[in-house]
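# Structural overview for review
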Amino acid sequence: MPTDTSFFPPDFVWGAATASYQIEGAAHEDGRGESVWDRFSATPGKVRGGDSGEVACDFYHRYRDDVRLMKELGLDAFRFSIAWPRVLPTGRGAVNEAGLDFYDRLVDELLANEIEPFVTLFHWDTPQALEDAGGWPVRNTAEAFAEYAQVVVGRLGDRVRRWITHNEPWVHAWIGYAWGEHAPGRTSESDAVAAAHHLLLSHGWAVDAIRRAVPQAQVGITLNLAQAYPASDTPEDEAAAWRVDGEGNRWFLEPLFRGAYPQDLLERNELVSPFVQDGDLDAIAAPLDFLGVNNYSRFIVGAGADGPRVEGNPEAQHTDMGWEVYPDGLHELLVRVTREYSPPAIYITENGAAFGDIRVHDGRIHDPERTSYLDTHIDAVSRAVADGAPVRGYFVWSLLDNFEWAHGYSKRFGIVYIDYPTLERVPKDSFYWYRDLIRTRRDAPRPSPVSAT
């Protein structure tokens, strides 16, 4: 059954998303500085197979070819991130003009092909020099980020209308600073809480910097959000699910939209209080033009002896990441966020699935599981729009197979296959499905304007 797209508004944005360290390569070219992911990837045992983003998809050199693929796909927009160390090699101070020149060329190439750039300022590649000086757990990094935002917007703000300050601050704070599984590889809960606060604070400061430089700009932040469902209807499981929701969702939604951290997380509030200064929460709650939502799955949570326990659903389909395929969770999440936080607009800034794609004898990549995933999740978005969620666009993750952080190149999310030894691009069947979906929407009748009487 084809996806019902009738509820999407005529100006709905169809896009694809990427991130700088995952696709660009050129890690040592044109004055780029070292990032925490360069250092982390070079540390034995941190990334599967010893992989790194040193070459990645070589987007830095092949972006024109990739924009042609976007044009063939029919994209309205392309979401990409700026590599902070490519612009400010040590995080602050001297600007690397050659780095900004690359993004200048990319933006111009996109616009020449009628593709709107959606720019993310930070997708986890902190300059290593700033990490050496304390990283995100210290306030100076938030100050440096605001300066960096001014530099980038000063160069690109005449052509870029939509800006995303941060991608998934929860992931960077907890997986990078508490669990040690992402760069920079620390294992301190206190560091994670401090990092999360300073990420949010730097977001608020960057919103102000962007609006002062480009008053007509639209600014948002992208959060990874997932519904947490109790494993049973017992009070213990319901409380456990609420705690997981608080730690992953509300810890970011509440300060952004209500100017306060959720009070039910008592231990977390004790940890964050030393880092919160007068005016911080007001800065974090600067009005947003949109909320970016990244969603891939859901959580099923039970009460364990040592706290909440995330449980699996063995009867469900799972992606190559081990994540349950549950599109209804996206629908319920969007309706819930709309009801409780009233964002003026929502963009699905990432949604997609990794599967073990293989290039077969006909030279193609047949990925029916991914096509089905995208179909059912876009349908879930359509149902959310019908239920009043102000969703204005959808970005598939990802345009290209790429460096998947600690998994290296072992997980493929792209709708375009990358043959890593040759860097050949091969559109998958899901690419053509998405192209046809976008084309169908473009060909749909537009509502007639209502004449004034």
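Everything quoted here is computed from the prediction, not taken from an experiment.

### Some thoughts on the sheet that holds strand β7 (residues 290-294)
Pairing in this closed barrel of eight strands is parallel, and the strands run β1-β2-β3-β4-β5-β7-β10-β11 around the ring. When the angles between neighbouring strand axes are averaged without regard to direction, this sheet yields 25°. Bridge count for strand β4 (residues 162-167) against strand β5 (residues 218-224) is four bridges, and the pairing is parallel. Across the sheet, N167 pairs through a bridge with T222, a residue of β5.

### Some thoughts on the nonpolar core
Formed by 138 residues in total, the largest nonpolar core has its most connected members in W37, W163, W174, Y394 and Y434. Counting residues per element, this core draws most heavily on helix α9 (residues 189-213), at ten residues. The residues contacting W37, other than those within four sequence positions of it, are Y21, V47, W124, H182, A183, F403, W405 and A406. Formed by five residues, the second largest nonpolar core is a distinct cluster that contains A228, A241, V244 and V301.

### Brief notes about empty space enclosed by the protein
Applying the stated rule across the entire model yields one cavity of 30 Å³ or more. Estimates place the volume of the largest cavity at around 50 Å³.

### Description of unusual backbone geometry
Of the consecutive residues A183 and P184, the connecting peptide bond is found in the cis state with omega at 10°. Mapped onto the elements, P184 comes out in the loop between α8 (169-177) and α9. A cis amide bond, omega 5°, links W397 with the succeeding residue S398. Counting through the fold element by element, S398 comes out in the loop between β11 (391-397) and β12 (416-419).

### Comments concerning the environment of Y296
Its place among the elements puts Y296 in the loop between β7 and β8 (299-304). With 138 residues separating them in the primary sequence, Y296 and Y434 have C-alpha atoms 18 Å apart. With sequence-adjacent residues up to four places away left out, Y296 is seen in contact with W323, E324, E350, N351, G352, Y373, H377, W397 and F413. Within the local environment of Y296, its side chain forms a polar contact with the side chain of E350, the two groups lying 2.5 Å apart.

### What to know about the pattern of salt bridges
One pass over the full model with this rule turns up 46 salt bridges. Ionic pairing is found between R211 and D289, a salt bridge with its closest N-O pair at 2.9 Å. Separated by 78 residues along the polypeptide, R211 in helix α9 and D289 in the loop between α12 (280-284) and β7 bring together distant segments of the chain. Through salt bridges with shared partners, a single network forms among E97, D101, D104, D108, R155, D158 and R159.

### Observations concerning the packing of helix α10 (residues 235-258) against helix α13 (residues 327-341)
Helix packing for two helices is described by the angle between their axes and how far apart those axes are. Two elements in contact, α10 and α13, have axes separated by 12 Å at closest approach and are oriented at 45°. Here α10 lies oblique to α13, going by the angle between them. Helix-helix and strand crossings are classified by hand; for α10 and α13 the assignment is right-handed. From α10, W242, D245, N249, R250, L253, E254, F257 and R258 reach across to α13, where they touch R336, E340 and Y341. When the residues that make up the contact of α10 with α13 are grouped by side-chain class, the tally is four nonpolar, one polar and six charged.

### Brief notes about the confidence of the model for the protein
Per-residue pLDDT for the protein averages 96, and the proportion of residues at 70 or more is 96%. When mean pLDDT is taken per element in the protein, β7 scores highest with 99 and helix α15 (residues 429-443) scores lowest with 92. Predicted confidence is poor over residues 446-453, with pLDDT under 50, and the contacts of this stretch with residues over four places away or in other chains come to three contacts.

Procedures and definitions
- Residues numbered from 1 in each chain as written.
- Predicted model: local features only at pLDDT ≥ 70, side-chain atom pairs only at ≥ 80, totals over all residues.
- Heavy atoms only, no water.
- Pairing = 2+ DSSP bridges.
- Helix = DSSP H or I, 4+ residues; strand = E, 2+ residues; numbered from the N terminus.
- Axes fitted to C-alpha atoms, helices over the stretch in contact; angles between N-to-C directions.
- Core = buried A, V, L, I, M, F, W, Y, C linked by side-chain atoms within 4.5 Å.
- Buried < 20%, exposed > 50% of the residue type's maximum accessible area, 1.4 Å probe, protein only.
- Contact = heavy atoms within 4.5 Å.
- 1 Å grid on protein atoms, 1.4 Å probe; cavity = no way out; pocket = protein on both sides within 12 Å on 5 of 7 lines; lining within 4 Å.
- Points joined across faces, edges and corners; volume = space filled by probe spheres on them.
- Polar contact = N/O pair within 3.5 Å; in protein donor to acceptor, adjacent residues only side chain to side chain.
- Salt bridge = Lys/Arg side-chain N within 4 Å of Asp/Glu carboxyl O.
- Parallel < 35°, antiparallel > 145°, perpendicular 65-115°, else oblique.
- Left-handed = near helix turned anticlockwise from the far one by under 90°.
- Nonpolar A, V, L, I, M, F, W, Y, C, P; charged D, E, K, R; others polar.
- pLDDT = per-residue confidence, 0-100.

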